[in-house]
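So you can see what is in the structure, the chains are spelled out below.
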Amino acid sequence: MVIKAHEMEVELRERMRGGNGTVKITHIGKEQLPSKTRLFAKITLEKGCSIGFHQHTGETEMFYFLKGRGKVDDNGTIHYVQAGDAMFTGGGKGHSVENCGDEPLELIAVIVLD
């Protein structure tokens, strides 16, 4: 199955999970995802934008960073990330992500149910 860019839903979320600014989420429709996949999306955070700290219970969220520089809170430990880095959060642990660079921070996010 091929899904063209113009077929994907673009969502803008203000202050996502208590973060700053507007987060752009380009979704693959849920009806097209395997049953244990809750999210498959490209997320774009402009300079100064963030996704606030939140936990994942009964599921795992995976990030693959495509572009830019960011700061993540990995369940209480701060890390700086850049293109090519990845992050996994599940088992009731939490995370947040913030664009701390001058260009957009772009990442692929996938959430799978345990």
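Refer to the preceding data block for the structure.
Residues numbered from 1 in each chain as written. Predicted model: local features only at pLDDT ≥ 70, side-chain atom pairs only at ≥ 80, totals over all residues. Heavy atoms only, no water.

A few points about the side chain of Glu61
Here's step 1: Tracing the chain through its elements places Glu61 in strand S5 (residues 59–67).
Here's step 2: Within the buried set, Glu61 has no salt-bridge partner at all; the shortest N-O distance to an opposite charge, 6.5 Å, is to Arg38.
Here's step 3: Polar contacts involving the side chain of Glu61 include one to the side chain of His95, which spans 3.0 Å. (Helix = DSSP H or I, 4+ residues; strand = E, 2+ residues; numbered from the N terminus. Buried < 20%, exposed > 50% of the residue type's maximum accessible area, 1.4 Å probe, protein only. Lys, Arg positive; Asp, Glu negative; His and termini not counted. Salt bridge = Lys/Arg side-chain N within 4 Å of Asp/Glu carboxyl O. Polar contact = N/O pair within 3.5 Å; in protein donor to acceptor, adjacent residues only side chain to side chain.)

Here we look at the sheet that holds strand S8 (residues 86–90)
Here's step 1: With antiparallel pairing, the six strands of this open sheet are ordered in space as S1-S2-S3-S10-S5-S8. The sheet is open, and its two borders are formed by strand S1 (9–14) and S8, each paired with just one other strand. Mean inter-strand twist for the sheet, computed between neighbouring axes without regard to direction, equals 25 degrees.
Here's step 2: Across six bridges, S1 lies against strand S2 (residues 22–27) in antiparallel orientation. Across the sheet, the residue bridging to Glu14 is Thr22, located in S2. (Pairing = 2+ DSSP bridges. Axes fitted to C-alpha atoms, helices over the stretch in contact; angles between N-to-C directions.)

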